[in-house]
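Spelled out from the first residue to the last, the chains are:
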Amino acid sequence: MRHTPAVLAALSGSCSFVKSPAVDAPAAQSDPEVAATVSRMLIDIERRGMDAVLEYAERLDHQRPEDLELPAARVASSGDRLPADLRAAIELGSARTRAFAAATREHLVDFRTEPVPGLVTGVRYVPVGRVGAYLPAGRFPLTASAFMTVGVAKTAGVPAVLACTPPQPGGGANDAVVYAAHCSGVDRVVVLGGVQALAAMAFGLLDEAPVDMLVGAGNAYVAEAKRQLFGRVAIDLPAGPSEVAVLADGTADPVIVAADLLGQAEHGPNSPAALVTTDAELADRVDEEVERQLSTLETAEIAGAAWRDFGSIVVADDRETAAALMDDLAPEHLEVITADDDWYFDRLRNYGSLFLGPWSTVAYSDKGMAGTNHTLPTAGGAKHSAGLSVGRFLKPLTYQRITREATPELAVAVDVISASEGMAAHRATATLRLDRYRD
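This report concerns the structure included in the present document. (Residues numbered from 1 in each chain as written. Predicted model: local features only at pLDDT ≥ 70, side-chain atom pairs only at ≥ 80, totals over all residues. Heavy atoms only, no water.)

1. Quick word on the pattern of salt bridges
Move 1: Taken as a whole and judged by the stated rule, the model has 21 salt bridges.
Move 2: A salt bridge links Lys 226 to Asp 236; its shortest N-O distance comes to 2.7 Å. Here the residue Lys 226 occupies a position in helix H9 (residues 220-229), and Asp 236 occupies one in the loop between strand E8 (234-235) and strand E9 (244-248), the gap between them amounting to ten residues. Residues Lys 226 and Asp 236 agree in their burial class; the two are buried.
Move 3: Between Lys 383 and Asp 328 there is a salt bridge, and its shortest N-O distance comes to 3.3 Å. Placement of Lys 383 in the loop between helix H15 (362-366) and strand E14 (394-402) and of Asp 328 in helix H13 (residues 319-329) is noted, with a sequence separation of 55 residues between them. (Salt bridge = Lys/Arg side-chain N within 4 Å of Asp/Glu carboxyl O. Helix = DSSP H or I, 4+ residues; strand = E, 2+ residues; numbered from the N terminus. Buried < 20%, exposed > 50% of the residue type's maximum accessible area, 1.4 Å probe, protein only.)

2. Some details on the packing of aromatic side chains
Move 1: Within this structure, the stated rule accounts for one aromatic pair.
Move 2: Ring plane angle 90 degrees and centroid distance 4.9 Å describe the contact between Trp 343 and Tyr 344, whose orientation is recorded as edge-to-face. (Phe/Tyr/Trp six-rings, centres within 6.5 Å; stacked < 30°, edge-to-face > 60°.)

3. A few points about the packing of helix H5 (residues 84-106) against helix H7 (residues 175-183)
Move 1: Remark: H5 packs on H7, axes separated minimally by 9 Å, with the N-to-C direction vectors making an angle of 40 degrees. Here H7 runs oblique to H5, going by the angle between their axes. Seen along the crossing, H5 lies across H7 with a hand that is right-handed. Contacts between H5 and H7 involve Leu 86, Arg 87, Ile 90, Glu 91, Ser 94 and Arg 98 from the former and Ala 176, Tyr 179, Ala 180 and Cys 183 from the latter.
Move 2: For the contact of H5 with H7, a count of residues per class yields six nonpolar, one polar and three charged. (Axes fitted to C-alpha atoms, helices over the stretch in contact; angles between N-to-C directions. Parallel < 35°, antiparallel > 145°, perpendicular 65-115°, else oblique. Left-handed = near helix turned anticlockwise from the far one by under 90°. Contact = heavy atoms within 4.5 Å. Nonpolar A, V, L, I, M, F, W, Y, C, P; charged D, E, K, R; others polar.)

4. Quick look at H7
Move 1: Across the nine residues that make up H7, a large majority, seven, are buried.
Move 2: Here the buried face of H7 lies against helix H4 (72-76), H5, helix H6 (145-156), strand E5 (160-165) and strand E6 (188-191).
Move 3: Put simply, Asn 174 is the residue that caps the front of H7, since its side-chain oxygen is 2.9 Å from the backbone nitrogen of Ala 176.
Move 4: Gly 185, located one to two residues past H7, shows a positive phi value of around 95 degrees. (Polar contact = N/O pair within 3.5 Å; in protein donor to acceptor, adjacent residues only side chain to side chain.)

5. Some words on the pairing of strand E4 (residues 130-134)
Move 1: Of all five residues in E4, five are buried; the element is thus mostly enclosed.
Move 2: The alternating pattern of E4 places Arg 130, Gly 132 and Tyr 134 and Val 131 and Ala 133 on opposite faces, both of which are buried.
Move 3: Where E4 meets strand E7 (residues 213-215), three bridges bridge the pair, whose relative direction is parallel. Residue pairing across strands places Gly 132 opposite Leu 214, the latter belonging to E7. (Pairing = 2+ DSSP bridges.)

Honestly, it's all geometry; don't read function into it.
Next up, the structure:
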């Protein structure tokens, strides 16, 4: 997440860096070694099937074949093994996320229109048939991922959702992750991680048929596997390291701003965090506050490395410059903490998800409590793409019904265009109908 040279040149003299990133922000999975490794694994798994999947599972995760699928009873009872407060929080996050997805679905309505008599066209929203969700459970098990993938898919009406989650060091699955999937309506849970999980779902090795779509976060190898499998299956979106940006003025609390920057930097040592502000004093205070908070933060090893290498602070002369800088960054998560949040809300166009005001922190969405989806575009992808939503699991299928009455106008126009293109067979499909109309 770095400003493009063209924008910086255009805004030269209107902004200044208090802290610049020490390292170029990583693009969404561009490591050639990762790509080559994933390619070899996918080719091997496609060729040898479950034998290859089980070999990778044993070699990489020390997993036994009989431990792959969780029985339905084990999935259903996963909440019984959780502390009561964690169980309640998971239930709340699942319900909130599915409620927001349901509200979104209500606004995606089938329609038909008749632009001229005899020509009826329309759209039907039809869910994809099978979805494979990857639920990460590494150093930081992302409990809410099931809300955003499994739960939203089921709310869209997807008939079959299969989830894969990697085994824990002692074996078995993470109960919190499994319970989140259970609350979200998952159909089956398989304890399988990494590239082999994505390949097994895409190649139909875990079920009677391949999945139609792969969704969910993961490490660089998981993300690369999704990228390479795209086309054979649909995916949610290419993903890079998690990002956060804060746009603030002098009314913002530097303690809150610093905490929110570190909150997302904690995702990994290559997670960019940026502050754009119109107040030079706030910039300096946030810079100091980040270091103060890092001195006592339990995950300072991760968040500190991310801030050191990929953190930035920019001071803009005015709000127009600040908004232009932020639209150029196009961050995954964008917080706006100013005296005039509505002005920025109306002006900003490029972000994965927007958090308005000092009480709106990214973590509320990350953990599913806000209800919005946290599977969002990174590495500038917000300039052209949106995040995962219930609509991504729906196919807007168009249709048309044309009567004899509408035929002359349509057929004559198609006759003319097809003749100009030299496409005789296309032309005939129209002229034959025109001849029958005249009979």
